[in-house]
Amino acid sequence: MENKKHIIGYNTYIIVWLSLLALTTITVSVAGIHLGDYTLMIAMFIAAIKSALVINIFMHIKFDEPIFKVFLALSGLTLLIIFVLTFFDFIYR
């Protein structure tokens, strides 16, 4: 195995940090606006974008081996299944 180092510049970290701050501000703003059933979907979509930024840039998954990406996808799928089962239980009570 080859030991590769990927150096990410400070500019990238600052841009991602500012993006996370902006997306958090948008999420808080959307929560204050009455959009009906779309409010939760928009907030979850923004949260998915923020988590993708954190996972890929700050956790360096973008540059890791593919097996780590497979385990990350598998854990995300497991979490999604748990959420779906929980929502079905909540809806049909």
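Before reading on, note that the structure itself is shown above.
Fair warning: this is a prediction, and the values are worked out from it, not measured in the lab.

> Explain the packing of aromatic side chains to me, please; I cannot follow it from the model alone.
What describes a pair of aromatic rings is the distance from one ring centre to the other and the angle between the planes of the rings. Scanning all chains against the criterion turns up 2 aromatic pairs. Between the aromatic rings of Tyr13 and Phe58, the centroid separation amounts to 5.5 Å while the plane-to-plane angle is 15 degrees, which identifies the pairing as stacked. Remark: Phe58 occurs in helix α2 (residues 38–58) and Tyr13 occurs in helix α1 (residues 10–32); sequence separation between them is 45 residues. Given the relative accessible area of 22%, Tyr13 is considered partly exposed.

> How should I be thinking about unusual backbone geometry in this particular structure?
One non-glycine residue, His60, lies in positive phi territory at about 60 degrees. Position of His60 among the secondary structure elements: in the loop between α2 and α3 (66–91).

> Can you help me understand the layout of surface pockets in this one?
One water molecule sets the probe size; rolling that probe over the atoms shows where empty space is left. In this structure, the largest pocket occupies an estimated 340 Å³ of space. Taken together, Leu40, Met44, Ile55, Leu72, Ser75, Gly76, Leu79, Leu80, Phe83, Val84 and Phe87 make up the lining of the largest pocket. For the lining of the largest pocket, the secondary-structure elements that each account for two or more residues are α2 and α3. Element by element, the count of residues in the lining of the largest pocket is highest for α3, at 8 residues.

Each value, and the rule that gives it
- Residues numbered from 1 in each chain as written.
- Predicted model: local features only at pLDDT ≥ 70, side-chain atom pairs only at ≥ 80, totals over all residues.
- Heavy atoms only, no water.
- Phe/Tyr/Trp six-rings, centres within 6.5 Å; stacked < 30°, edge-to-face > 60°.
- Helix = DSSP H or I, 4+ residues; strand = E, 2+ residues; numbered from the N terminus.
- Buried < 20%, exposed > 50% of the residue type's maximum accessible area, 1.4 Å probe, protein only.
- 1 Å grid on protein atoms, 1.4 Å probe; cavity = no way out; pocket = protein on both sides within 12 Å on 5 of 7 lines; lining within 4 Å.
- Points joined across faces, edges and corners; volume = space filled by probe spheres on them.

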